[in-house]
Amino acid sequence: MDLDLLVQVAHLYYHEQMTQQAIAKKLNMSRSLVSKLLAKAKEKGVVKITISDGINRPHQPLEAQLKKLFGLAEVIIVPADTEANSQKLAREAGRYLAMRLSEVTKVAVSAGRTTREIAEYLSVPKSYFHVVFIPMSGGLSEEYAKIEANSVSEVFAMKCGAKSMRLHAPILVDSTQAKDILKKQHFIKNTMDAARTADIAVVGIGSTFRYAEVKEAYLHGYNAGELPDSMHIKGDLSYNYFDKHGRAVNNTWNSLLIGLSLEEIRAIPEVICVADEVVKAESIYIAAKSGLIHTLITNEMVAQKTLWYYAKNYGLNIR
């Protein structure tokens, strides 16, 4: 491999902040070759990336502990000492996502206030024309239009100079027969297939408290007897409600949901979970323990509470 070529490509990408597509055009090569050359530049030591985060990340021991206990790929903990903690967390999540965008092509996005906030505060140094953001679930009601996965995907794409897809379907349908028919429609199937094969996913996580809210909003037409005791529900990822083992609960909601299933989410190579409320700690504990998430970005209080759940369930005294 020509060392001069590696240096040239690395200089254009990291110093000139050119996109891989622009470099490919300038040097008359394919974008995939540019990507391989950048990877080779790292391998050969032409590019050395150093992250000086000792001051900005004072909770590295806790991060390392959570990574080890849950087998997570990455844990980032922000201090929980300001009123604008959710904004700080959103910016930190955005910085992490920005670092990953050069290496991926498809990003699946869940609905929710957390992912919407990440998108709104996201700032990137260049455009990522090669990336497409894909909703993981169908649309919500008019009341929740701003935080539906379609809307959040569009904001991410706009901020990144990327593309987005839409899932032209409601989040919930009236019957399993209607669900089967809708999922076969090519315009729905294409989007869901793209989401299933995403390189990474950005998700918030729900606690048991949110189930009461969505049940009232969407399942009001069902008798209470048709719904399981909410004690079985411990949280949700992209509106898939799971139990204490991280398995999908067998309930009306999950059976009528238009979106990726828990197993499809679990199959995505990196699921980035962002959460800033202590009430979600048990949900995070279960999701991490059962392999539903791979990267956790949260604040100190949530991290400590998640660790507490681990100690409680394993009868340990963790310091």
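Everything here concerns the structure above.
To start, this report covers the structure provided alongside it.

About the cut-offs
- Residues numbered from 1 in each chain as written.
- Predicted model: local features only at pLDDT ≥ 70, side-chain atom pairs only at ≥ 80, totals over all residues.
- Heavy atoms only, no water.
- Helix = DSSP H or I, 4+ residues; strand = E, 2+ residues; numbered from the N terminus.
- Buried < 20%, exposed > 50% of the residue type's maximum accessible area, 1.4 Å probe, protein only.
- Contact = heavy atoms within 4.5 Å.
- Areas by Shrake-Rupley, 256 points an atom, 1.4 Å probe, with all protein chains shown as cover.
- Phe/Tyr/Trp six-rings, centres within 6.5 Å; stacked < 30°, edge-to-face > 60°.
- Lys NZ or Arg CZ within 6 Å of the ring centre and 35° of its normal.
- Salt bridge = Lys/Arg side-chain N within 4 Å of Asp/Glu carboxyl O.
- Axes fitted to C-alpha atoms, helices over the stretch in contact; angles between N-to-C directions.
- Parallel < 35°, antiparallel > 145°, perpendicular 65-115°, else oblique.
- Nonpolar A, V, L, I, M, F, W, Y, C, P; charged D, E, K, R; others polar.
- Core = buried A, V, L, I, M, F, W, Y, C linked by side-chain atoms within 4.5 Å.

**Description of the overall build of the chain**
Next, step 1: Within the chain one finds 14 helices and 9 strands.
Next, step 2: In the chain, buried positions account for 51% of the 319 residues.
Next, step 3: The contacts in the chain between residues at least 6 apart in sequence include a share of 72% that link residues at least 24 apart.
Next, step 4: Accessible surface for the chain amounts to roughly 15,500 Å². Of this, 51% is attributable to carbon and sulfur atoms.

**Some points on the packing of aromatic side chains**
The geometry of an aromatic ring pair is captured by the separation of the ring centres together with the interplanar angle, meaning the angle of the planes.
Next, step 1: Inspection of the entire model under this criterion finds 9 aromatic pairs.
Next, step 2: Ring geometry for F70 versus Y285: centroids 5.9 Å apart, planes at 75°, classification edge-to-face. Of this pair, F70 sits in helix 4 (residues 60-70) while Y285 sits in helix 13 (residues 281-289); the two residues are 215 residues apart in sequence, bridging distant segments of the chain. In this structure, F70 and Y285 share a single accessibility class: buried.
Next, step 3: Summarising the aromatic geometry, the rings of Y285 and Y310 are spaced 6.5 Å apart at their centres and angled 85° between planes, so their arrangement reads as edge-to-face. Of the two residues, Y285 sits in helix 13 while Y310 sits in helix 14 (residues 300-314), which places them 25 residues apart along the sequence.
Next, step 4: Connected via pairs of aromatic rings, a cluster forms that spans F70, Y285, W308, Y309 and Y310.
Next, step 5: Note that K126 overlies the ring of Y13, its terminal NZ or CZ placed 3.3 Å from the centroid.
Next, step 6: Residue placement shows K305 over the ring face of W308; its charged tip is 4.1 Å from the ring centre.

**A short note on the pattern of salt bridges**
Next, step 1: Going through the model one piece at a time under the given rule, you end up with 15 salt bridges.
Next, step 2: With a shortest N-O distance of 2.8 Å, E103 and R100 are connected by a salt bridge.
Next, step 3: Overall, the relative accessible area of 52% leaves E103 in the exposed class.
Next, step 4: Among the residues examined, R100 registers a relative accessible area of 18% and is labelled buried.
Next, step 5: Here K280 makes a salt bridge to E277, at a shortest N to O gap of 3.2 Å.

**Things to note about the packing of helix 8 (residues 176-184) against helix 9 (residues 186-196)**
Next, step 1: The N-to-C vectors of helix 8 and helix 9 enclose an angle of 80°; their axes lie 5 Å apart at closest approach. When the axis of helix 8 is compared with that of helix 9, the two are roughly perpendicular. Contacts between helix 8 and helix 9 involve L182, K183 and K184 from the first element and H186, I188, K189, M192 and R196 from the second.
Next, step 2: In the contact of helix 8 with helix 9, the residues fall into 3 nonpolar, 1 polar and 4 charged.

**Quick look at the nonpolar core**
General note: in soluble globular proteins, nonpolar side chains tend to be found buried as a group.
Next, step 1: If you look at the biggest cluster of nonpolar residues, it comprises 56 residues, and the most contacted ones within it are L66, I205, L237, F242 and I293.
Next, step 2: With near-sequence residues (within four places) excluded, L237 lies in contact with V203, G204, I205, F242, L262, I265, L292 and I293.
Next, step 3: Core analysis: the next-biggest nonpolar cluster, separate from the first, contains 30 residues, A90, V124, Y128 and V152 among them.

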